[in-house]
Amino acid sequence: MPLVRTPLPRARWLRSAVLVAASAGLVAAALPAPAPLGIGDPLFPHLGNPGYDVLAYALDLTYPGVNTRPLAAVTRIDAVATDDLERLNLDFTHGTVSAVTVDGLPADYVTSGEDLVVTPAVPIDEGESIEITVTHTSDPSGPGDTGGWVRTGDGLAMANQADAAHRVFPSNDHPADKAYFTFRVTAPSELTVVANGLPIGRVSDGATTTWTYRTGHPMATELAQVSIGRSTVVHRAGPHGLPVRDVVRTADRELMEPWLRRTPGHLEWMERQVGPYPFETYGVLVADATTGFELETQTLSLFERRLFTEPRYPEWYVDSIMVHELAHQWFGDSVSPRTWSDLWLNEGHASWYEALYAEETAGKSLERRMKAAYAASDGWRADGGPPAAPEPPSPGHKISLFRPVVYDGSALVLYALRQEIGTEAFRRLERRWVADHRDGTATTADFIALAGEVAGRDLTGFLRPWLYDKRTPAMPGHPDWRSRPVQAARTAPKPG
């Protein structure tokens, strides 16, 4: 969605003329030393930044053809100030900045921690629109488990969850601040580029081609995706004519087809559960990379190639994992967590629909899986905190946030809720949740309140122990279910 910018207000233009003529050093000297900021997320205290709301990102990336060399990049951020700002912070690391402008005027900048601290030539008033342009590099080198760019066998892809988008581009890198995205990527003409959203243009200039994509819905930074490689884009129709596009290595086109053709059926199944698909397109990106996870990047979910090629993964399991990532398009992408402590709303729901699909299509008992999760739940809570109050990830190992308690341990909460309010009320709640909060963010408190509204009674006393207590409450309808002692539960395999 193009953003119509308002002209710089006359009062601010006059202040700009005066301050640009003055000494930049004197202006900077009046401010405190630059420091990394954050919006107070309990798990990532320096993630996100106060004082502004991003409306749109425009990313210009130039890929040199070698996936270990930095990309040249320009990131433009359109935002509105929510406070008076003499200085503003962006999340950014692992790249080199060569210039910053604010509303077209050169701005001072310095790094502090993983923040890029920008001092505009003229202070910004609350309510004013802001255009920030950063010229920088985007470096795909470094350890593969730090997030950001993923080096594939033939190019690059992205895996930015939970806090790694700012290893790729300057941003307000927190799901609480969703925005529209435009990607303009230039690469050698023999390569294919695909990004979130729909294509809006492709221009070849000799040895290079520039591809442009734009999202039709706001997106969290952690869900951004750009794929560059020797790829084929496979098109087919989904429910109601939804464009489905899958991205695979050209050499794997036929090998992957038995899996790719399942997606329209997955979409139909999910729509029967929770209502219309929330975005403009969907598809699967099969990357020739080893990540250790799959990822629900918006409109184009990232999968490891080996998930589809290793014989040790049963067909029903791969099928249900595809549904897991698809379910995230509703739970986590369209409805994003307000803080990372609300992660259970993402992973618990995706695990729930993964398990429900496996039961309906492969006869894998949901009740048996939830009973096993109940037995392990106390150990999971001891190791990682309760579902809605997870412990912070290990330093230098952010993926450790994604523990069993946020997967089956959180799906167990949904099972208990369905036991308490009944299947029909639970289905109404799920549909209301994704409809009421579509394209927005929501909290655990929002979910508790809506559950009570749908059930016609206050469910706070029921849900809070399930979400926040150190011990797992009794399961409604199953008084015989028992949790194993904590030490035994810790060594048990993850159910499902």
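The shown structure was predicted, so the numbers you read here are calculated from the model rather than taken from an experiment.

Parameters at a glance
- Residues numbered from 1 in each chain as written.
- Predicted model: local features only at pLDDT ≥ 70, side-chain atom pairs only at ≥ 80, totals over all residues.
- Heavy atoms only, no water.
- Core = buried A, V, L, I, M, F, W, Y, C linked by side-chain atoms within 4.5 Å.
- Buried < 20%, exposed > 50% of the residue type's maximum accessible area, 1.4 Å probe, protein only.
- Helix = DSSP H or I, 4+ residues; strand = E, 2+ residues; numbered from the N terminus.
- Contact = heavy atoms within 4.5 Å.
- Axes fitted to C-alpha atoms, helices over the stretch in contact; angles between N-to-C directions.
- Parallel < 35°, antiparallel > 145°, perpendicular 65-115°, else oblique.
- Left-handed = near helix turned anticlockwise from the far one by under 90°.
- Pairing = 2+ DSSP bridges.
- Arc of directions from axis to C-beta.
- Phe/Tyr/Trp six-rings, centres within 6.5 Å; stacked < 30°, edge-to-face > 60°.
- Nonpolar A, V, L, I, M, F, W, Y, C, P; charged D, E, K, R; others polar.
- Salt bridge = Lys/Arg side-chain N within 4 Å of Asp/Glu carboxyl O.

Novice: Just to check I follow, could you spell out the nonpolar core for this structure?
Specialist: Burial of nonpolar side chains together is a common tendency in soluble globular proteins. M270, W352, Y353, L417, W433 and L463 are the most contacted members of the largest nonpolar core, which has 67 residues in total. Those elements that place two or more of their residues in this core are α4 (263–274), α6 (315–327), α7 (343–362), α8 (366–384), α9 (408–421), α10 (423–436), α11 (444–455) and α12 (460–468). Those residues in contact with Y353 that sit more than four places away from it in its chain are W269, M270, Q273, V274, V323, A327, F331 and E430. Counting 58 residues, the second-largest nonpolar core is a separate cluster that includes F92, A159, V247 and L302.

Novice: Can you help me understand the packing of α9 against α12 in this one?
Specialist: Describing two packed helices takes the angle between their axes plus the distance from one axis to the other. Relative orientation of the contacting elements α9 and α12 amounts to 160°, with a least axis distance of 10 Å. On the basis of the axis angle, α9 is roughly antiparallel to α12. For α9 against α12, the interelement crossing comes out right-handed. Contacts between α9 and α12 involve L412, V413, A416, L417 and E420 from the former and F462, L463, W466 and L467 from the latter.

Novice: Can you walk me through the sheet that holds strand β3 (residues 88–91) in this structure?
Specialist: Strand pairing within a sheet occurs via backbone hydrogen bonds; the two strands may be parallel or antiparallel. Taken together, the 3 strands give an open sheet; going across it, the order is β3-β7-β6, and neighbouring strands pair in antiparallel fashion. Among the strands making up the open sheet, the edge pair consists of β3 and β6 (108–112). Each neighbouring strand pair of the sheet contributes to a mean axis angle of 25°, computed without reference to strand direction. The pairing of β6 with strand β7 (residues 115–119) spans 5 bridges and is classified as antiparallel. Within the sheet, the bridge partner assigned to V110 lies in β7 and is V117.

Novice: Looking at this structure, I do not really get α12. What am I missing?
Specialist: Because each turn of an α-helix spans 3.6 residues, side chains separated by three or four positions end up pointing in the same direction. Here α12 has its buried residues at F462, L463, W466 and L467. Around the axis of α12, the buried residues are gathered within 110° of arc, so they sit on the same side. If you follow the buried residues of α12, they end up packed against α7, α8, α9 and α11.

Novice: Looking at this model, I keep getting lost on the sheet that holds strand β1 (residues 52–62). Mind explaining?
Specialist: With mixed pairing, 8 strands are arranged side by side in an open sheet as β5-β4-β8-β2-β1-β11-β14-β13. Every interior strand has two partners, whereas the edge strands, β5 (105–106) and β13 (198–205), have only one. As paired strands, β13 and strand β14 (residues 208–214) are joined by 7 bridges and run antiparallel to one another. Considered in β14, the bridge of V203 is made with T210.

Novice: Before we go on, may I ask you to explain the environment of E114 in this structure?
Specialist: Tracing the backbone shows E114 in the loop between β6 and β7. Taking the C-alpha atoms as reference points, E114 and E190, separated by 76 residues in sequence, lie 35 Å from one another. With residues up to four places along the chain from it excluded, the contact list for E114 reads L90, D91, F92, T93 and H166.

Novice: Any chance you could explain the pairing of strand β4 (residues 97–102) here in plain terms?
Specialist: Strand residues, when the strand is regular, have side chains that alternate between the two faces of the sheet. Bridge analysis of β4 against strand β8 (residues 129–138) gives 5 bridges, and the strand direction is antiparallel. Directly across from V100, in β8, lies its bridge partner V134. Bridging between β4 and β5 involves 2 bridges; their strand directions are antiparallel. Within the sheet, the bridge partner assigned to T101 lies in β5 and is P106. Turn length for the β4-β5 hairpin, with the two strands adjacent in sequence and antiparallel, is 2 residues, and the turn residue D103 shows positive phi of about 55°.

Novice: Where do I start with the pairing of strand β16 (residues 231–237) in this structure?
Specialist: Bridge count between β16 and strand β17 (residues 243–249): 7 bridges; the pairing is antiparallel. Bridging across to β17, T232 finds its partner in V248. Connecting β16 to the next strand, β17, in antiparallel fashion are 5 residues, including H240 with a positive phi near 60°.

Novice: Would you mind showing me how to read the packing of aromatic side chains here?
Specialist: Note on aromatic pairs: each is described by the distance of the centres and the angle between the planes. With the rule as written, the count across this model stands at 22 aromatic pairs. Aromatic pair Y415 and W481: ring centres 5.7 Å apart, planes at 10°, arrangement stacked. Of this pair, Y415 sits in helix α9 while W481 sits in the loop between α12 and α13 (486–490), and the two are 66 residues apart along the sequence. Between W433 and F447, the aromatic rings sit 5.2 Å apart at their centres with planes inclined by 80°, giving edge-to-face as the arrangement.

Novice: I tried to follow the packing of α11 against α12 on my own but got confused; where do I start?
Specialist: In the contact formed by α11 and α12, the axes pass within 10 Å of each other and the chain directions differ by 145°. Along this stretch, α11 crosses α12, giving a crossing that reads as right-handed. Contacts between α11 and α12 pair T444, I448 and A451 from the former with T460, L463, R464, L467 and Y468 from the latter. Residues that form the contact of α11 with α12 fall into these classes: 5 nonpolar, 2 polar and 1 charged.

Novice: I tried to follow the pattern of salt bridges on my own but got confused; where do I start?
Specialist: Once their charged atoms are close, side chains differing in charge can pair, the charge on each being opposite to the other. Under the definition given, this model contains 20 salt bridges. A salt bridge links D252 to R249; its shortest N-O distance comes to 2.9 Å. The partner of R432 in a salt bridge is D436, with the nearest N and O atoms 3.0 Å apart. You can see R432 and its partner D436 sitting in helix α10, 4 residues apart, about one turn around the helix. Looking at R432, the relative accessible area reads 30%, which means it is partly exposed. With relative accessibility at 43%, the residue D436 sits in the partly exposed group.

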